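Examining the three-dimensional arrangement
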Amino acid sequence: MFDGIASFLEGGGAWAIAALMLLENVFPPIPSELIMPLAGFNAARGTIPLWLAIGAGAAGSLAGAYLWYLVGLIYGPDRLRKLVRRHGRWLTMTPSELDRAQTWFNRHGRSVVFFGRFVPTVRTLISVPAGLARMFLPGFILFSGLGSLIWLSLIHISEPTRPLYIS
């Protein structure tokens, strides 16, 4: 997986970063902990500007978050619960996880969307209860975007941007 992601990132630049981060949000087994450090390494080598790597990662992450927001918004609580009951294994979600996420979202308010972007698994699932709660879309985009931007630039890219020298 590492070699495939590395070569895809090297050849695809910002579009590859955005696409992989979108997929990471839709299919959590694709690890952002692998994608973004490699993007940072490519930035350190000069193949892509650092700001573009971070921006592309945030854009892809936000696109994935928006997709899950739409799932919550369109399906609604009852239909989504039935879908998760039938196909939760493929969605990486159980009905009880869906209920917990909704309760947590309702209890802690909309700021959960921002801070949820920093927590593995939560960063994918938090968008569903935001859609179920019909959170104001510009607020969702703002808090998800800022959370993703900070998470990607401070957590994932900060260390790998230092060039590696082998002596």
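One structure accompanies this document, and this report is about it. Please read these numbers as outputs of a predicted model, since none were measured by experiment.

**A short note on the overall build of the protein chain**
- Helix and strand counts for the protein chain stand at eight helices and zero strands.
- Going residue by residue from the N terminus, the α and β elements of the protein chain occur as α-α-α-α-α-α-α-α.
- By the burial criterion, 44% of the 167 residues in the protein chain qualify as buried.
- Across the protein chain, the fraction of contacts at a sequence separation of at least 24, relative to all contacts at a separation of at least 6, is 72%.

**Some words on the nonpolar core**
- Core analysis: the largest hydrophobic core is formed by 20 residues, its most contacted members being Leu9, Ile17, Met21, Ile35, Met36, Ile48 and Leu152.
- Within the residue set of this core, elements represented by two or more residues are helix 1 (2–26), helix 2 (32–45), helix 3 (50–91) and helix 8 (137–156).
- Per-element accounting of this core gives the leading share, seven residues, to helix 1.
- Residues contacting Ile17, with those up to four places away along its chain left out, are Leu9, Met36, Ala39, Ile48, Ala53, Ala56 and Gly57.

**Concerning the environment of Gly40**
- Counting through the fold element by element, Gly40 comes out in helix 2.
- Residue class for Gly40 comes out buried when judged on its relative accessible area of 0%.
- Sequence separation of Gly40 and Ser153 is 113 residues, and the distance between their C-alpha atoms is 9.1 Å.

**Structural notes on helix 2**
- With 14 residues, helix 2 extends 20 Å from end C-alpha to end C-alpha; this agrees with the ideal 20 Å at 1.5 Å per step.
- Every buried residue of helix 2 is accounted for by Ser32, Leu34, Ile35, Met36, Pro37, Leu38, Ala39, Gly40, Asn42 and Ala43.
- Downstream of helix 2 by a residue or two, Gly46 has a phi angle that is positive, lying close to 90 degrees.

Cut-off values and rules
Residues numbered from 1 in each chain as written. Predicted model: local features only at pLDDT ≥ 70, side-chain atom pairs only at ≥ 80, totals over all residues. Heavy atoms only, no water. Helix = DSSP H or I, 4+ residues; strand = E, 2+ residues; numbered from the N terminus. Buried < 20%, exposed > 50% of the residue type's maximum accessible area, 1.4 Å probe, protein only. Contact = heavy atoms within 4.5 Å. Core = buried A, V, L, I, M, F, W, Y, C linked by side-chain atoms within 4.5 Å. Expected span 1.5 Å × (residues − 1).

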